[in-house]
Amino acid sequence: MPGGADSVKVAVRVRPFNQRERNAGSACIISMSGDSTTIKNPENGSTKTFSFDYSYWSHNGSQENEEGVFIPDSSNKYTDQRRVFQDLGQGVLDNAWQGYNAALFAYGQTGSGKSYSMIGYGPNKGIVPITCEELFKAIETNKDNSKQLQPTCEKEVSLEVSFSMLEIYNEKVKDLLVKAKQSPEGLKIRQNPQAGFYVDGLKNVPVRNYKEIEKLMEQGTVNRTTASTNMNATSSRSHMVITIRFNQVIRNAGGESNTRSSDINLVDLAGSERADSTGATGDRLKEGSAINQSLSTLGNVISALADISGGKKNVLVPYRNSVLTKLLQTALGGNSRTIMIAALSPADINYDETLSTLRYADRAKKIQNKAVVNESPTDRLIRELKEENAKLLAALGKGGGKTADSEELQRLLLQNESRMADMNKSWEQKLEEARKEWERGHGVSLEHEEEHTEWRTVPYFTNINEDSQLSGVVKLCIRQGETTFGRSATATHSIRGLGIQDQHAVIKNNGSKVTLEPVIGSKIYVNGIKLKSKEELPHLSRIKFGSSCLYLYVGQMKERKPNEEKGYDYDFFMAELAEHRGVAIDLQTPRISESMENLKSYVIFQEFMDLLPQISEANAISVELKKGLKFEAEIKTNEFQPQQAAKEVQIRVTNQINKKVWVWSREKFLHRKDLMEELYCKFMDGESLPQGRDKDPFWDPVEDIFLGSCHVMLQSLSYCVETDEHFTLHNYHGREEAVIKVGIFPLDQKGARLGEESIVEPRELVGKPFSYEICIPEAMGVRWCSEDRSRGVYCKFLGNKNTVKSDTVWGKSYCDFDLKHQVKEKKVTHEFINYLQTHSLVVELWGTQDVGCLCCYPLNEEDQLHRTFNGNGVSDVNGDVLSQLKNKELEIEGLNEDLDSLKKENFNLKKKLDKQQQQIDIKRNRKASVGDIGLDADLAQALRLFFRDVKTVQGQLSEIKEYAKVCQQGTSDNGNIKQALGKQEQKLQEMENKLSGCVTSLKDSVTNTLRKGKR
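Secondary structure summary: the protein contains 19 helices and 44 strands in total. Here the protein, with 1015 residues, has 47% of them falling under the buried criterion. By sequence separation, contacts in the protein at least 24 residues apart represent 67% of the contacts at least 6 residues apart. Surface summary for the protein: the accessible area is close to 50900 Å², and the carbon and sulfur share equals 48%.

Turning to the environment of methionine 780, a few remarks are in order. Examined against the element boundaries, methionine 780 turns out to sit in strand E39 (residues 770–780). When its relative accessible area of 29% is taken as the criterion, methionine 780 is described as partly exposed. A C-alpha to C-alpha distance of 6.1 Å links methionine 780 and serine 813, two positions 33 residues apart in sequence. Every residue in contact with methionine 780, bar those within four places of it in the chain, is listed here: His726, Ala738, Val739, Ser813 and Tyr814.

As for its position among the elements, phenylalanine 745 is in strand E38 (residues 736–747). Residue class for phenylalanine 745 comes out buried when judged on its relative accessible area of 5%. Beyond its immediate stretch of four places on either side in the chain, phenylalanine 745 contacts Glu722, Thr723, Asp724, Arg753, Tyr772, Glu773 and Cys775.

For the rest of this paragraph, the subject is the nonpolar core. Ile30, Ile39, Leu269, Leu298, Leu332 and Met340 are the most contacted members of the largest nonpolar core, which totals 46 residues. For this core, the secondary-structure elements that each account for two or more residues are strand E2 (9–14), strand E3 (30–33), strand E9 (102–107), strand E12 (155–169), helix H6 (293–309), helix H7 (323–327), strand E19 (337–344) and helix H8 (351–364). Other than its neighbours up to four places away in sequence, leucine 298 contacts Leu269, Leu324, Thr325, Leu328, Leu332 and Tyr360.

Bringing the confidence of the model for the protein into the picture now. Confidence along the protein averages 77 in pLDDT terms, with 69% of residues attaining 70 or more. With pLDDT under 50 throughout, residues 143–154 is counted as low confidence; its partners more than four residues away or in other chains account for 20 contacts. For residues 927–935, every residue scores under 50 in pLDDT, and the model assigns this stretch one contact once sequence neighbours within four places are set aside.

Further remarks concern the side chain of histidine 493. Residue position: histidine 493 is located in strand E25 (residues 493–494). Note on histidine 493: relative accessible area 12%, which makes it buried. Those residues in contact with histidine 493, other than ones at most four positions away along the chain, are Leu476, Cys477, Thr483, Thr484, Phe485 and Gly486.

As a further point, take the sheet that holds strand E4 (residues 36–40). Picture the strands of a sheet paired through backbone hydrogen bonds; they go either parallel or antiparallel. Spatially, three strands are ordered E3-E4-E5 in an open sheet, and the strand pairing comes out antiparallel. The two strands at the open ends of the sheet, each matched to only one other strand, are E3 and strand E5 (47–51). On average, each strand axis in the sheet is inclined to that of its neighbour by 20°, with strand direction left out of account. Bridge count for E3 against E4 is four bridges, and the pairing is antiparallel. In the sheet register, serine 33 faces E4, and the bridge partner there is serine 36. Sitting on the sheet, H8 is in contact with E3, E4 and E5, with an inclination near 30° to E5.

Once that is clear, we can look at the packing of aromatic side chains. Under the definition given, this model contains 20 aromatic pairs. A centroid spacing of 5.8 Å and a plane angle of 75° characterise the contact between phenylalanine 461 and tyrosine 553, whose relative ring orientation is edge-to-face. Residue phenylalanine 461 is found in strand E22 (residues 460–463), and its partner tyrosine 553 is found in strand E32 (residues 549–554); the two are separated by 92 residues along the sequence. Tyrosine 553 sits in the buried class, given a relative accessible area of 1%. Look at phenylalanine 631 and phenylalanine 669: their rings are 5.9 Å apart centre to centre, the planes differ by 55°, and that puts the pair in the tilted class. Of this pair, phenylalanine 631 sits in strand E33 (residues 629–637) while phenylalanine 669 is found in helix H14 (residues 666–684), placing the two residues 38 residues apart along the sequence. Each member of the pair, phenylalanine 631 as well as phenylalanine 669, is classed as buried. Through a chain of ring-to-ring contacts, the aromatic side chains of Phe461, Phe485, Phe545, Tyr551 and Tyr553 assemble into a single cluster. Above the plane of the ring of tryptophan 455 lies lysine 475, whose end atom (NZ or CZ) is 4.8 Å from the centre. In this structure, lysine 805 packs its charged tip against the face of tyrosine 794, placed 4.2 Å from the ring centre.

This next bit is on the pattern of salt bridges. In this structure the tally under the stated criterion is 24 salt bridges. The shortest N-O distance in the salt bridge between lysine 365 and aspartate 362 comes to 3.1 Å. Close ionic contact of arginine 542 with glutamate 576 constitutes a salt bridge, the shortest N to O distance being 2.5 Å. Note that arginine 542 is positioned in strand E31 (residues 542–545) and glutamate 576 in helix H12 (residues 570–579), a separation of 34 residues in sequence. One connected set of salt bridges, linked through shared partners, spans Glu737, Arg783, Glu787 and Arg791.

Bringing the pairing of E9 into the picture now. E9 sits mainly inside the fold: six of its six residues count as buried. Side chains Ala102, Leu104 and Ala106 project from E9 onto one buried face, and the interleaved Ala103, Phe105 and Tyr107 project onto a second face that is buried too. Here E9 runs beside E19; their pairing, made up of six bridges, is parallel. Looking at the pairing, phenylalanine 105 lines up with methionine 340 of E19.

With respect to topology, five strands assemble into an open sheet ordered E25-E24-E26-E27-E30, the strand pairing being mixed. Looking at which strands have only one partner, the edges of the open sheet turn out to be E25 and strand E30 (535–536). When strand E26 (residues 505–509) meets strand E27 (residues 514–518), the two strands line up antiparallel, connected through five bridges. Bridge pairing in E27 places isoleucine 507 opposite leucine 516.

Now for unusual backbone geometry. One can expect most non-glycine residues to show negative phi and most peptide bonds to be in trans. Positive phi outside glycine occurs at asparagine 527, with the angle close to 55°. Turning to its location among the elements, asparagine 527 is positioned in the loop between strand E28 (524–526) and strand E29 (529–530). Despite not being glycine, aspartate 818 has its phi angle at roughly 50°, a positive value. Mapped onto the secondary structure, aspartate 818 falls in strand E43 (residues 815–825). On the accessibility criterion, aspartate 818 (55% relative accessible area) is exposed.

Taken N-terminus to C-terminus, the directions of helix H2 (residues 81–98) and helix H4 (residues 127–141) make an angle of 50°; their axes are 9 Å apart at the nearest point. On the basis of their axis angle, the class for H2 and H4 is oblique. At the point where H2 passes H4, the crossing takes the right-handed sense. Residues Gln81, Arg82, Val84, Phe85, Leu88, Gly89, Leu93 and Trp97 of H2 form the contact with H4, whose participating residues are Ile127, Ile130, Thr131, Glu134, Leu135, Ala138 and Ile139.

Criteria and cut-off values
- Residues numbered from 1 in each chain as written.
- Predicted model: local features only at pLDDT ≥ 70, side-chain atom pairs only at ≥ 80, totals over all residues.
- Heavy atoms only, no water.
- Helix = DSSP H or I, 4+ residues; strand = E, 2+ residues; numbered from the N terminus.
- Buried < 20%, exposed > 50% of the residue type's maximum accessible area, 1.4 Å probe, protein only.
- Contact = heavy atoms within 4.5 Å.
- Areas by Shrake-Rupley, 256 points an atom, 1.4 Å probe, with all protein chains shown as cover.
- Core = buried A, V, L, I, M, F, W, Y, C linked by side-chain atoms within 4.5 Å.
- pLDDT = per-residue confidence, 0-100.
- Pairing = 2+ DSSP bridges.
- Axes fitted to C-alpha atoms, helices over the stretch in contact; angles between N-to-C directions.
- Phe/Tyr/Trp six-rings, centres within 6.5 Å; stacked < 30°, edge-to-face > 60°.
- Lys NZ or Arg CZ within 6 Å of the ring centre and 35° of its normal.
- Salt bridge = Lys/Arg side-chain N within 4 Å of Asp/Glu carboxyl O.
- Parallel < 35°, antiparallel > 145°, perpendicular 65-115°, else oblique.
- Left-handed = near helix turned anticlockwise from the far one by under 90°.

Laid out in structure tokens, this is it:
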């Protein structure tokens, strides 16, 4: 109702499982009943329920009709695109006809279905295209008298629709309808006292029908895709705002006109997983990246508005803290009727992010706006603009010289004159100007745009993007003859991106086959394998140029089939590249029957996979900015607490010049990666880069580095058997780092080491005091120190509740630690025995680095710690050093190629080994007794039985000996009986001696067996 308070309408929609979630055997944690949505915690089964204006179930229950549109099946549970429009989009249209501003924005994590609901895919159109289509249908029919659109004798109504499309990335606004290169600073945000914030210079294109809007959206998407290729500004990182301005100009018989206007803002927000990325915890660089500023500020704005709606006083709403919230000020808490659609993932592996989205939407529904009809006499608007101009001219006359104030007054004056000139133009003039401008920019009219599709008849490359809405947008034709790809403007197809050379690839088409040849130094991957020489491209080949430019090759017309490109999405490309690097997705994918622990491992694995393209880009930025750093992802296991199965993805950072090494957490890397992108954007725009290391995302102080670990089983201690062996220390990748000697010796009550004859049964230790000593005398073959003599190492392990650490040994591959530590148990319990028999001592080796150079820069002198940058932002580095680095890079590249082939071979061998291991496990499980007693447990059980029986026999033999003595000492005449008993006594003595020897021999055998078992 006009002038009243309208709450923000909120809808949530859950999508089907994607391929990743199906591979993981994910369970659905979302359920809906009416307008309520319930989420289930997969770990403990607890649930939380939220109520919204609409809860849309689109997880299952659909069928595809002949046109390829998904509609509900017989269960009628599925919510299709048309239903979403009827509930949400139709309300936006109705508000626009009445003269209210309207806004609809989509929120959710990347891949949750935001873009599908907003834009749609293929024949399944989303809210935006359906809204535009229905708007023009209503304009063409124009039969609704209640909206007063029919010209009558008293009044005449003309309807004007204009379209704008912008993107916000890194706090900069880009006009997506402008094909030419735009200013690096982006468009300016201005504020008008009446209209609020607006984008100065944003192109607002008049349109006459839906087809023109469709073409403008396609062009905007192409421009957006090109930008994302340059710096990975995909929809997961940027916000898109489409504004449809709808004016109803009503003229009465007296010639006076009245304008009723409505702005329809359709907003596709960045992925919500970036909402909290304002700085990594524990990072030296606390400030957040501008890339994520808008989304985090939006959350603060919504929280503040919800507090105000709840009656809280003196709440400051931080609209001015980001570009996005400035532009959405009207939509949030202003003159607008607003709808929010929150997109949800149904999978248990996305529980945290989905719960966060539901809470976000729950806060948003509390916001209240005050929408009013935007209606005012057109003549009055022009008169007010003229009066304002007169005041501005007077102010300019008084100002005199050229100052900042006078420049601003001049700008306002020109802006008002432009607005008046625009108002005085007829709608037909505006449409004609828009048509001519389109033809100048595209060389073809909008009416004949559909005919201008060369790619239908020749082979072409089509782009693949993380966002499915941006995939297949760019089509680069491969005409007969030679076609070149590269960064240079002289290339046939100029592509810009990380790792792209001026001349990157040469493609030849002879009419029947197409070949691809890399230019020297360029990185090209075809179907996951690095391209080394000219190669023929099969139809539907997957191409990767540089670090992030992905393309699908579509061959000759005779090779094509309908819908065959559908399966080759971004995830397919990443999986293929990972497989050829030796990473096996199917081996890491838990099935439905497996435990929650395995599901967590799958989440970690997917985090690892998602980081691979990010790391590739970070390495490319490092090369272009001549930082000399190399980034590698690895999975860390928490060895000190193996019972928690704690795993996390971390990034190993290596300076290839001074050999310094760092380890960053995943969160820290993503934070730094955003700052690297900002730095790279400045470099590409020709800006001078900041001096010094304090704000350099590539710099960090040196730190200790985990090198490797080994496990020393404690089981022998439960038998009072010592351990004194050499163990190999392996890093996270299974690579040998060093060999370390570890001794674990049981002690007597005086602290002396027990001998081998002291073997006992574990149960005999219960209730008694027990102590042992851990000794680490030395380590040999320490690779960390062999590579750089300025490095040092130390070892550590978890003692009795505290970590025990050795002194640091510097610059030696043979390290004399001489570390000793005693552990004392006042009273042995069954739990302690069980711990010894099931756990191991984890010994870790850590590397230290010379603190003489506190930076990752290759320069050691104090006056060179702060780099000075030249005009294009690149630091001056000694040419010889760079030449050596280049040679090293070539060597590394050759080794990496060999490594890739070995990894692939290792991957195949691992698959065979896993199959064999599964068969062995099956056989072993069949033979295993109840309780799953292993070989060591069986041996211990047999020993216990043996000792029991032997003691019984020894007791019986002792009784016989005693009886024989009694008989011999008797006074009665027993004749030959005494003599017989004497012989029997002799034989029994021999048996006893022999049996004692067997027992001693058995003890020795058990000791040797236990020693071998722990190797």
